[in-house]
Amino acid sequence: MEHNLPVNVREYQELAKKALPKMHYDYINGGAEDEYTLRENIAAYGRIMLRPRVLVDVSKIDMSTNLLGYDIPSPIIVAPTGAHKLANPEGEVATARAAAACNTIMVLSFGSSCKIQEVAASCDAIRFFQLYIYKRRDVSATLVRRAESLGFKAIVLTVDTPVLGRREADIRNKMVFPPSPNLEGLMSFNDDLGTGGGSKLERFASETLDPSLSWKDVEWLKSITSLPILLKGVVTAEDARKAVEAGVAGVIVSNHGGRQLDYAPPAIAALEEIPAEQQMHCWNLEHMQQHGGWVAHLPMLIRLLRRWRGPCRCWWTAGSGEAPTCSRRWPSEPRQSWWGGRCSTGWRRAGRPGRST
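Predicted, not measured: the structure shown is a model, and the values here were computed from it.

(A) Broad picture of the overall build of the protein chain. When its secondary structure is counted, the protein chain shows 13 helices and 9 strands. Sorting the 357 residues of the protein chain into buried and exposed places 45% on the buried side. Across the protein chain, the fraction of contacts at a sequence separation of at least 24, relative to all contacts at a separation of at least 6, is 65%. Accessible area of the protein chain: about 19,400 Å², with a carbon and sulfur share of 54%.

Written out as structure tokens, the structure is:
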């Protein structure tokens, strides 16, 4: 049956749809509201055009990089996702072992269906721990101390979930999310949460997550841990700048997989804005100067893959050493462009990929 094995992600997705209960498949596969951002997360990659360069020696390819001092073979890590036992009986233990086998980093979700102790003892993978800020700060603090004591190397603070996104498939399915074993003994679980219809996960989140989450909580988190802190859920240059000012070790550009605020920009498009605005200082500055982090390479990769465009909708070839060129004539004052300069008449417009200039 080997000839029937899946060869791409879409084929695995089809198999998962057949194998999983509808409630669980919809939870894993779904997004918020109209799922526009969920669709755009995929469609945005289809708008990236490759600019192939030929006659380059590719007999030896080295994709290795360094993240927060840890060498990994490629700029790919395991993002935090909860409840892996919905899809595999070994849950996050199996995921951790896979990460260790690939010599990459795993970010363990607070909503793991395996205890943090089990995952830590399962293998020698490099592990970061994802954290939410709860109304009860003592719960968050306990989880941080637990992660530190078990050898986790960084805290990934999810900042885009002061309230849970409206996930209509979960509401329709009356999604019952298994309680996280990592919260046992820290929170009491109200069994009546699921009796009123709708998503039990949504009702649990409304009772526990703190909608007052703000930058002051980043300062609080820094005060209780010596681990580097990454902010997950940043999609604008303004927030990346504030993250730098707050002294965090880095940001993870993410729209929560399209599961939080619908009509937020696709993550790959937001990634263009942030390094351009921050001049790639949105990650730990000292580490970047000494080693060069993986995020430093991503903007370079994108520049190789596509031509950039600003608010004026004009395109220019990145890496040319020149300012973006534009021939758009504005009816009034020249419009501020994303790169900090101004669009001006008389500049030559750079054509879109595949078109002449």
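(B) Broad picture of the side chain of Asn 173. For Asn 173, the location among the structural elements is in helix α7 (residues 168-173). Given the relative accessible area of 17%, Asn 173 is considered buried. If sequence neighbours within four positions are ignored, Asn 173 has contacts with Lys 22, Met 23 and Asp 26.

(C) Structural detail: the side chain of Thr 225. Along the chain, the position of Thr 225 falls in the loop between α9 (215-224) and β6 (229-234). Of note is the side chain of Thr 225, whose polar atom sits 2.7 Å from the side chain of Glu 148.

(D) Main features of unusual backbone geometry. Even without glycine at this site, Leu 68 takes up a positive phi of about 55°. In this fold, Leu 68 is placed in the loop between β1 (65-67) and β2 (70-72). Residue Asn 103 is not a glycine yet carries a positive backbone phi of 60°. Note that Asn 103 resides in the loop between α4 (92-101) and β3 (105-108). According to the relative accessible area criterion, Asn 103 is partly exposed, its value standing at 47%.

(E) Region of the structure containing the packing of helix α6 (residues 137-149) against α9. Axis separation between α6 and α9 bottoms out at 11 Å; the angle between their running directions is 40°. With respect to their mutual orientation, α6 and α9 come out oblique. Regarding α6 and α9, the two cross each other, and that crossing is right-handed. Counted together, Arg 137, Ser 140, Ala 141, Val 144 and Glu 148 of α6 and Asp 217, Trp 220, Leu 221 and Ile 224 of α9 form the full contact between these two elements. Here the contact of α6 with α9 is composed, by residue class, of 5 nonpolar, 1 polar and 3 charged.

Reading guide: rules and limits
- Residues numbered from 1 in each chain as written.
- Predicted model: local features only at pLDDT ≥ 70, side-chain atom pairs only at ≥ 80, totals over all residues.
- Heavy atoms only, no water.
- Helix = DSSP H or I, 4+ residues; strand = E, 2+ residues; numbered from the N terminus.
- Buried < 20%, exposed > 50% of the residue type's maximum accessible area, 1.4 Å probe, protein only.
- Contact = heavy atoms within 4.5 Å.
- Areas by Shrake-Rupley, 256 points an atom, 1.4 Å probe, with all protein chains shown as cover.
- Polar contact = N/O pair within 3.5 Å; in protein donor to acceptor, adjacent residues only side chain to side chain.
- Axes fitted to C-alpha atoms, helices over the stretch in contact; angles between N-to-C directions.
- Parallel < 35°, antiparallel > 145°, perpendicular 65-115°, else oblique.
- Left-handed = near helix turned anticlockwise from the far one by under 90°.
- Nonpolar A, V, L, I, M, F, W, Y, C, P; charged D, E, K, R; others polar.

Just distances and angles here, no functional claims.
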